[in-house]
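A look at the structure
In case you want the letters, here they are:
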Amino acid sequence: MATARGCCHGGEGRERRGEIGSIVRSLGCFPTEAELHELLAKVEEEEPTGYIHLEKFLPVMTKVLLDRSYRPIPEDVLLHAFEALDEHKCGYITKEELVKYLTKEGEPFTQEEMEDMLSTALDPETNSVRYRDYISMMIVDET
């Protein structure tokens, strides 16, 4: 059995099912929740245990990476989305507003996803997200 010490929280050669989305996104892939569920269906055991085994995950994820599946959202689309949320057109969104939008509407973020985003996006001095700066940090250079 393959071992991935130091990166797997589920033990040797396996990862918790709920953390697969974070792993996939850290590899530069940005599936929707529906696409993530499809990916999980391909790698889960017949009797779900709550864990994904590395030897099932790696071939599927390798194909995803080689096929360049789950492309990132273009910068202009992200900017337009943030601007739509910025009711006062001031260039930032407060933490409270962002949490409300991203956990209560559309495809809601999990608590873990929200904490991950805020740890990167939130300006601790103003308790807000300057979304142009945040988008600049998120952009993946495809060259």
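For the structure itself, look to the data block above.
This one's a predicted model, so the numbers in the text were calculated from it and none came from an experiment.

Conventions adopted
- Residues numbered from 1 in each chain as written.
- Predicted model: local features only at pLDDT ≥ 70, side-chain atom pairs only at ≥ 80, totals over all residues.
- Heavy atoms only, no water.
- Core = buried A, V, L, I, M, F, W, Y, C linked by side-chain atoms within 4.5 Å.
- Buried < 20%, exposed > 50% of the residue type's maximum accessible area, 1.4 Å probe, protein only.
- Helix = DSSP H or I, 4+ residues; strand = E, 2+ residues; numbered from the N terminus.
- Contact = heavy atoms within 4.5 Å.
- Salt bridge = Lys/Arg side-chain N within 4 Å of Asp/Glu carboxyl O.
- Polar contact = N/O pair within 3.5 Å; in protein donor to acceptor, adjacent residues only side chain to side chain.
- Phe/Tyr/Trp six-rings, centres within 6.5 Å; stacked < 30°, edge-to-face > 60°.

Comments concerning the nonpolar core
- Counting 15 residues, the largest nonpolar core has F82, L98, M114, M117, V129 and Y134 as its most contacted members.
- For this core, the secondary structure elements donating two or more residues are α4 (75-85), α5 (95-104), α6 (111-121) and α7 (131-138).
- Residue contributions to this core peak at four residues, all from α6.
- Dropping the residues within four chain positions of it, M114 is found in contact with L98, V99, L102, T103 and F109.
- Counting residues in hydrophobic clusters, the runner-up holds 13 residues, among them C29, I52, V60 and V64.

Things to note about the pattern of salt bridges
- Counted under the stated rule, the structure contains three salt bridges.
- For K63, the salt bridge is made with D67, and the minimal N-O distance between the two is 2.6 Å.
- For D67, a relative accessible area of 44% puts it in the partly exposed group.

Focus: the environment of P31
- In this fold, P31 is placed in the loop between α1 (20-26) and α2 (33-43).
- Taking the C-alpha atoms as reference, P31 lies 7.6 Å from R71; in sequence the two are 40 residues apart.

Some points on the side chain of E113
- Assignment of secondary structure puts E113 in helix α6.
- For E113, the side chain forms a polar contact with the side chain of R25, separated by 2.7 Å.

What about the packing of aromatic side chains?
- Taken as a whole, this structure holds two aromatic pairs when the rule is applied.
- Arranged with centres 5.5 Å apart and planes meeting at 5°, the rings of F82 and Y131 form a pair that is stacked. Residue F82 is found in helix α4, and its partner Y131 is found in helix α7; the two are separated by 49 residues along the sequence.
- Take F82: its relative accessible area is 8%, and that puts it in the buried class.
- Note on Y131: relative accessible area 4%, which makes it buried.
- With a centroid separation of 6.2 Å and 85° between ring planes, the pair formed by F82 and Y134 is classed as edge-to-face. In this pair, F82 sits in helix α4 while Y134 sits in helix α7, placing the two residues 52 residues apart along the sequence.

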